[in-house]
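In case you want the letters, here they are:
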Amino acid sequence: MQLKNAALAAGSIFVSFVVGVWVAGYLTVPNPQMVVSGGDFMTFDPEIGFVARPSHHAHRIDGPTPNRPPNSFDIYTDDRGARVDGPEKQRSPARSEIVTVGCSFTWGQAVEARDTYASVLARTLGTSNENLALAGYATTQSLQLLKRNRDLQPKLVIYGFIYAHLDRNIEACGPTYHPFCMGVAHVAWDGQGKPYIAPPLSDGARRAYEHLMGTGWSPARWLEHGLDVIRGRIEYGWYRSRIPDLAHREQAFAYLFGDMQRTVAEMGAELLVVFIPTAYEPAPPELARYIGKTRLIDMTPIFERHRKDGGAPLYIVDDGHPNPLAHKLIAAEIERYVRETKLLPASP
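Here's a quick rundown of the structure.

Conventions adopted
- Residues numbered from 1 in each chain as written.
- Predicted model: local features only at pLDDT ≥ 70, side-chain atom pairs only at ≥ 80, totals over all residues.
- Heavy atoms only, no water.
- Helix = DSSP H or I, 4+ residues; strand = E, 2+ residues; numbered from the N terminus.
- Buried < 20%, exposed > 50% of the residue type's maximum accessible area, 1.4 Å probe, protein only.
- Polar contact = N/O pair within 3.5 Å; in protein donor to acceptor, adjacent residues only side chain to side chain.
- Core = buried A, V, L, I, M, F, W, Y, C linked by side-chain atoms within 4.5 Å.
- Contact = heavy atoms within 4.5 Å.
- Pairing = 2+ DSSP bridges.
- Disulfide = S-S within 2.5 Å.
- Axes fitted to C-alpha atoms, helices over the stretch in contact; angles between N-to-C directions.
- Parallel < 35°, antiparallel > 145°, perpendicular 65-115°, else oblique.
- Left-handed = near helix turned anticlockwise from the far one by under 90°.
- Nonpolar A, V, L, I, M, F, W, Y, C, P; charged D, E, K, R; others polar.
- Lys, Arg positive; Asp, Glu negative; His and termini not counted.
- Salt bridge = Lys/Arg side-chain N within 4 Å of Asp/Glu carboxyl O.

1. Observations regarding the environment of R68
Turning to its location among the elements, R68 is positioned in the loop between β4 (57-62) and β5 (71-77). With a relative accessible area of 12%, R68 lands in the buried category. Along the chain, R68 and V317 lie 249 residues apart, while their C-alpha atoms are 6.7 Å from each other. Here the side chain of R68 touches V317 through a polar contact of 2.7 Å, landing on its backbone oxygen.

2. Some words on the nonpolar core
I158, V274 and I334 are the most contacted members of the largest nonpolar core, which has 82 residues in total. Here I158 is in contact with I98, V99, T100, V101, Y117, L121, L272, V274 and I334, once residues within four sequence places are set aside.

3. Some details on the pairing of strand β2 (residues 42-45)
Bridging between β2 and strand β3 (residues 49-52) involves four bridges; their strand directions are antiparallel. In the strand pairing of β3, M42 is matched with A52. Between β2 and β3, which pair antiparallel one after the other, the connecting turn spans three residues.

4. A short note on the environment of L3
Note on placement: L3 falls in helix α1 (residues 2-27). Here L3 falls in the exposed class, since its relative accessible area comes to 73%. Each C-alpha atom of the pair L3 and Y117 lies 70 Å from the other, and the pair is 114 residues apart in sequence.

5. Focus: the state of the cysteines
Across all of its chains, the model carries one disulfide by this definition. Paired by a disulfide, C173 and C181 hold their sulfur atoms 2.1 Å apart. Between C173 and C181, the S-S torsion sits near -100°, and that sign places the bridge as left-handed. On the basis of relative accessibility, which here comes to 5%, the residue C173 falls in the buried class. Its sulfur unpaired, C103 is 18 Å from the next cysteine sulfur, which belongs to C173. We classify C103 as buried; its relative accessible area is 0%.

6. Thoughts on helix α6 (residues 204-213)
By the criterion of burial, α6 is predominantly enclosed, with seven of the ten residues buried. Buried within α6 we find G204, A205, R207, A208, E210, H211 and L212. With a side-chain oxygen positioned 3.3 Å from the backbone nitrogen of A205, the residue opening α6 is D203. Backbone geometry just after α6 places G214 at a positive phi near 95°.

7. With respect to helix α3 (residues 117-125)
Where burial is concerned, most of α3 is hidden: seven out of the nine residues are buried. When we look at burial in α3, the residues that qualify are Y117, A118, S119, V120, L121, A122 and L125. Residues of α3 that are buried make contact with β7 (98-102), α2 (104-107), β8 (129-131), β9 (156-161) and α11 (324-341).

8. Focus: the packing of α3 against α11
Close contact between α3 and α11 brings their axes to 8 Å; oriented N to C, the two are set at 45°. By the criterion of interaxial angle, the relationship of α3 to α11 is oblique. In the crossing of α3 with α11, the sense of the turn from one axis to the other is right-handed. Taken together, the residues of α11 that come into contact with α3 (itself represented by Y117, V120, L121, T124 and L125) are H327, I330, A331, I334, E335, V338 and R339. Classifying every residue of the contact of α3 with α11 gives eight nonpolar, two polar and two charged.

9. Overview of the side chain of R83
Tracing the chain through its elements places R83 in strand β6 (residues 83-84). Buried charge without a partner: R83 forms no salt bridge, and the closest opposite charge is E112, 4.8 Å away. At 2.8 Å, the side chain of R83 forms a polar contact with the backbone oxygen of D74. Reaching out from R83, the side chain makes a polar contact with the backbone oxygen of W107 at a distance of 2.9 Å. With residues up to four places along the chain from it excluded, the contact list for R83 reads F73, D74, I75, Y76, T77, W107, G108, V111, E112, A113, T116 and N131.

Below is the structure:
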């Protein structure tokens, strides 16, 4: 009888444990309306957090909304992980005259690679441009990836900056569609109050992809993933409640951007910052305070003028990212600036 009672108690505990994992790791963690075929286009990186999978092709469909049909686009990367127009460009060049870094506004969320301002600019200038941007990145990851690709020896580095980078720089959990941590490199402070780049907390790229696509029929894998999601939810709640104040946000940007300026100078290149507004907002004051004499293009006046003149919308409906027309405007403004300032004298 005692053995039977012990077995029943153990069974009840196990069932409760499994139900708890199901509730906390699956039932209350909804997935976005998204389908990805071809495998995960991102992979874990212990220094940066996540990077684009090199030499890869995936197709992504973001679900419809009441105001638009589904967004469907291809993702091709070369052997460096840079986003490229198609399979014919999946071998990266030994050198590239332009290197572009930034987040989804530069990478080209929900648009084809050929429609991104990085690709349009390369065609209009008749030059090469490695687009090393990736959705979810900030100044931190842009700097890290730029350093990894010094050997490209560019003449011009373009950093596509958005307001959200100021917050992302100090957040241990990057932007994600799920309520759990997408671990990323972030600025932290040591015991002497000096900033440094801290590594990611955990593998959020695998966590997000497996949650979206499923773990298969293995009970062990199902349990492992559920526990990992719970861990990610705890990390997310813990670190979101401890985000540093605005003063730290400014310190982090000054630290990172200063390093970016030095890195580009050591590469013998020019640095051009392009501010891309989200919903037409003006550039943050922190940008002007800390970029110094670095070249800057502020796209807000161009976007505003386009809107006041009755131009077509510049943002993807129910998404908020720049659409192909916005990318075209950005490319045109960069092209004009590059030609007028002769940043690339060899450009035709």
